[in-house]
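Structural features, examined
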Amino acid sequence: MSIRNAVIPVAGLGTRLLPATKSQPKEMLPVGKKPIVQYIVEELHRCGLERVLFVTGRGKSSIEDHFDDDPDLIRTLRETGKEDLLQELEYERLGVHFLYTRQRRQRGLGDAVLCAEHFTGTEPFVVALGDSIIGRHKPSPIVKRLMDAFEKHDADCAIAVEQVPLSQVSMYGVVKPASNDDVFEITDLVEKPRREEAPSNWAIAGRYVFAPGIFDAIKRTSFDHRNELQLTDAIRLTLREGKKIVGVRLPAEEKRYDIGNFESYFETFVEFALTDPEFGPQLRKHVKELFGENL
Ligand code: G1P
């Protein structure tokens, strides 16, 4: 059966991006011309996903507004001779069906995914984290490769992974690959390990495919020291019970942009803006004029 459902968790508070996230979701921060979440929806649409469930929280309603039709705006653009700007709203017509549910308390990524149980039912589904863009202006087909690997290997879970410096493993879920192949079996995984305990430097990159059995595993997973239910811990539980988990490596040209803090957000914005097909050349010239050799 082809996979048609995707879940985008966007309930996180974004405290590492204050004050920018005081009254707007971090997933709505712009990267170049578009808010982060639009890149993710476009990525999922290109991979054939038809239904998207956002797991939202307090203060996230602008995400719903962004994907909603706005007849007043369209009328105003027409009446004021700005029809050409209508093309900027084409993403509204992708044909993706959106649903929204709320994670009522901040109890971790595992708990956010559990909120999707009644949406996906007995079908396998994709999870795409709302603060990660994969690929620059052309969205990556990693989710398609994950779905293919999930089906081909009759797996219970498929996870995208990327190589990170050892000094950063404590920021991620980290997997232990069974081979050096592009698609490999995962023999262990740990959420945010200390450097000396990390099973490798292959980090979970924010895209997953799950069989519905993950919900039962999340319900049987213990809360961690921060009183959160970690998705990685639930996957580890299923692995220990004999389920098959495969990893799919992200190639360098499908780099992941993590918008979790200002350092990575600024880097991402600058890279997207400087390489924008329309505005990039002028911006690069401007930056050179500003900083010259001092850059
Ligand atoms: C989450 C996951 C982690 C993964 C990371 C990717 O962590 O728990 O396993 O590696 O996303 O961005 P978070 O960034 O929400 O702390």
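As a reminder, the structure under discussion sits directly above these lines.
Computed from a predicted model, the values in this text were never measured in an experiment.

Concerning the overall build of the chain
Helices and strands together make up the secondary structure of the chain, namely 10 helices and 13 strands. Against the globule reference of 19 Å for 295 residues, the chain gives a C-alpha radius of gyration of 20 Å, in line with a compact fold. The principal-axis extents of the C-alpha atoms in the chain amount to approximately 60 × 50 × 35 Å. Put simply, the chain has 295 residues, and 48% of those count as buried. Sequence separation of 24 or more characterises 76% of the internal contacts of the chain that already satisfy a separation of 6 or more. Surface exposure of the chain reaches about 15400 Å², of which carbon and sulfur atoms provide 49%. Placing the 41 positive and 47 negative side-chain charges of the chain at their respective mean positions leaves the two points 3 Å apart.

Overview of the layout of surface pockets
Of the volumes computed, that of the second largest pocket is approximately 300 Å³. Every residue lining the second largest pocket is counted, 13 residues in all, and those nearest its centre are K34, Y39, E42, H137 and P277. Per-element tally for the lining of the second largest pocket: the top contributor is helix α1 (residues 36–46), with four residues. Split by residue class, the lining of the second largest pocket holds five nonpolar, two polar and six charged.

What to know about the pairing of strand β8 (residues 157–163)
Most of β8 is tucked away: six of the seven residues are buried. With six bridges connecting them, β8 and strand β11 (residues 202–210) associate as antiparallel partners. For C157, the partnering residue across the bridge sits in β11 and is F210. Here β8 runs beside strand β12 (residues 245–249); their pairing, made up of five bridges, is parallel. Within β12, the position partnered with C157 by the bridge is I245.

Let's talk about unusual backbone geometry
Of the consecutive residues L18 and P19, the connecting peptide bond is found in the cis state with omega at 5°. Structurally, the position occupied by P19 is in the loop between β1 (5–9) and β2 (30–31). Within the chain, K192 stands out as a residue other than glycine whose phi angle is a positive 45°. Within the element layout of this structure, K192 appears in the loop between β10 (183–191) and β11. The class of K192 is partly exposed, set by a relative accessible area of 39%. Residues other than glycine seldom take positive phi values, yet N227 does so here, at roughly 65°. The residue N227 is located in the loop between α7 (213–219) and α8 (231–240) in this model.

The rules we used
Residues numbered from 1 in each chain as written. Predicted model: local features only at pLDDT ≥ 70, side-chain atom pairs only at ≥ 80, totals over all residues. Heavy atoms only, no water. Helix = DSSP H or I, 4+ residues; strand = E, 2+ residues; numbered from the N terminus. Rg over C-alpha atoms; globule rule 2.2 N^0.38 Å. Buried < 20%, exposed > 50% of the residue type's maximum accessible area, 1.4 Å probe, protein only. Contact = heavy atoms within 4.5 Å. Areas by Shrake-Rupley, 256 points an atom, 1.4 Å probe, with all protein chains shown as cover. Lys, Arg positive; Asp, Glu negative; His and termini not counted. Charge placed at Lys NZ, Arg CZ, Asp CG, Glu CD. 1 Å grid on protein atoms, 1.4 Å probe; cavity = no way out; pocket = protein on both sides within 12 Å on 5 of 7 lines; lining within 4 Å. Points joined across faces, edges and corners; volume = space filled by probe spheres on them. Nonpolar A, V, L, I, M, F, W, Y, C, P; charged D, E, K, R; others polar. Pairing = 2+ DSSP bridges.

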